[in-house]
Amino acid sequence: MQYRSLGRTGVQVSTLALGAMNFGKIGNTTQDEATAIVEAALDAGVNLIDTADVYSGGQSEEMVGKAIAGRRDDIVLATKASLPMGEDRNRRGGSRRWLFTALDDSLRRLGVDHVDLYQIHRWDPATSDDETLSALTDLQRAGKIRYFGSSTFPAYRVVQAQWAARERGLGRYVTEQPSYSILQRGVEGHVLPVTEEYGMGVLVWSPLASGWLSGAIRAGQEVATNRSGFMKQRFDTNIPANRAKLDAVEQLAKVADQAGLTMIQLALGFVTAHPAVTTALIGPRTMDHLHSQLAAADTVLPADVLDAIDTIVAPGVDLAAHEKNDTPPALLDATLRRR
């Protein structure tokens, strides 16, 4: 396992980190399975675990908490808040009122007195940067969080938050967690250059592109992954963007074979090769998944392989732009584009 500094914090984290979204009902993972995955990951040198309050309605945090009991000091523990936690309109977002409550709820579920990294899961257009950063700064000063970061923020919002922190004398986001894979490279054009400019750590989610780069999806085969069962639109090959992804996967499989690599090694080696990236979040649902992903821990792709990937999916290109999670609100709501 390799380790890198998390931005300018001085904290050293493994280049592969354990994402816990599949723990609980989302991935049909039991507590015993989750505990075994956590223990095996830690034994392999993984030292960062990332979860969120919204994953399986808090179940993921509870399972992580039980799995790390007795090993808390060995772990850089990260969780997230801001996505809806129920029907109440105030149980979401980036307000001080909600973040104070959400963090206490997360700490209770995790069974700890602090988290190392607390992330705003999505930018909340209804809440000012001053409001959110002020709340996070106070939570940090209270000792409940060590650092805080953003997740899936558009580049201009990352910049705006950095300026707001500077202008108001508040703590700043020290990390960003974007979606990034060979098939979704849009962040290379905007987000990653900004994170480098501000010295932010970058935790990449979905480096296997929801399973498209796992080796389990190939032309002529039925798509039968767990994710395809509840995200059918992302795997329907009648949709042009999905056909483009499948075509790219077939070409990438040849590159991997010629390099003596698995598709997973190719995919994870690609994202961790970017100088802005600190760690790639793997989200195993089973022990077999974990072992196949840990096999990429020391993968370093040579220049000719990276060049070959660039000819298949050009730098800065998203093959499925409609799947992005950082689209500015005005592109989704016509009323915001018109006077």
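For the structure, see preceding data.
Just so we're clear, the structure is a prediction, and the values are computed from it rather than from any experiment.

**Quick notes on the overall build of the chain**
Regarding its fold elements, the chain presents 12 helices and 10 strands. Taken over the C-alpha trace, the chain has a radius of gyration of 19 Å; the compact-globule value for 339 residues is 20 Å, and the two agree within 12%. The C-alpha extent of the chain, read off along each of the three principal axes, is 55 × 55 × 40 Å. For the chain, buried positions account for 54% of its 339 residues. Across the chain, contacts joining residues at least 24 apart in sequence account for 77% of those joining residues at least 6 apart. Between the averaged position of the 35 positive side-chain charges in the chain and that of its 40 negative side-chain charges there is a distance of 6 Å.

**Digging into the environment of Val317**
Relative to the elements of secondary structure, Val317 occurs in the loop between helix H11 (303–312) and helix H12 (329–332). According to the relative accessible area criterion, Val317 is partly exposed, its value standing at 31%. Linking Val317 and Ala330, residues 13 residues apart in sequence, is a C-alpha distance of 21 Å. Ignoring anything within four residues of it in the chain, the contact list for Val317 reads Leu183, Gln184, Arg185 and Gly186.

**What about helix H10 (residues 287–294)?**
Of all the residues in H10, the buried ones are Leu290, Gln293 and Leu294. Viewed along the axis of H10, the buried residues span an arc of 95 degrees, placing them on a single side of the element. Looking at the packing, one finds that the buried side of H10 touches strand E3 (16–19), helix H1 (31–43), helix H9 (263–273) and strand E10 (279–282).

**Concerning the pairing of E3**
Neither face of E3 is left uncovered, since the one carrying Leu16 and Leu18 and the one carrying Ala17 and Gly19 both have all their residues buried. The pairing of E3 with E10 spans 3 bridges and is classified as parallel. Its bridge partner lying in E10, Leu18 is registered against Ile282. Strand direction decides the pairing type here: E3 and strand E4 (residues 48–50), joined by 2 bridges, are parallel. Within the sheet, the bridge partner assigned to Leu18 lies in E4 and is Ile49.

What counts and what doesn't
Residues numbered from 1 in each chain as written. Predicted model: local features only at pLDDT ≥ 70, side-chain atom pairs only at ≥ 80, totals over all residues. Heavy atoms only, no water. Helix = DSSP H or I, 4+ residues; strand = E, 2+ residues; numbered from the N terminus. Rg over C-alpha atoms; globule rule 2.2 N^0.38 Å. Buried < 20%, exposed > 50% of the residue type's maximum accessible area, 1.4 Å probe, protein only. Contact = heavy atoms within 4.5 Å. Lys, Arg positive; Asp, Glu negative; His and termini not counted. Charge placed at Lys NZ, Arg CZ, Asp CG, Glu CD. Arc of directions from axis to C-beta. Pairing = 2+ DSSP bridges.

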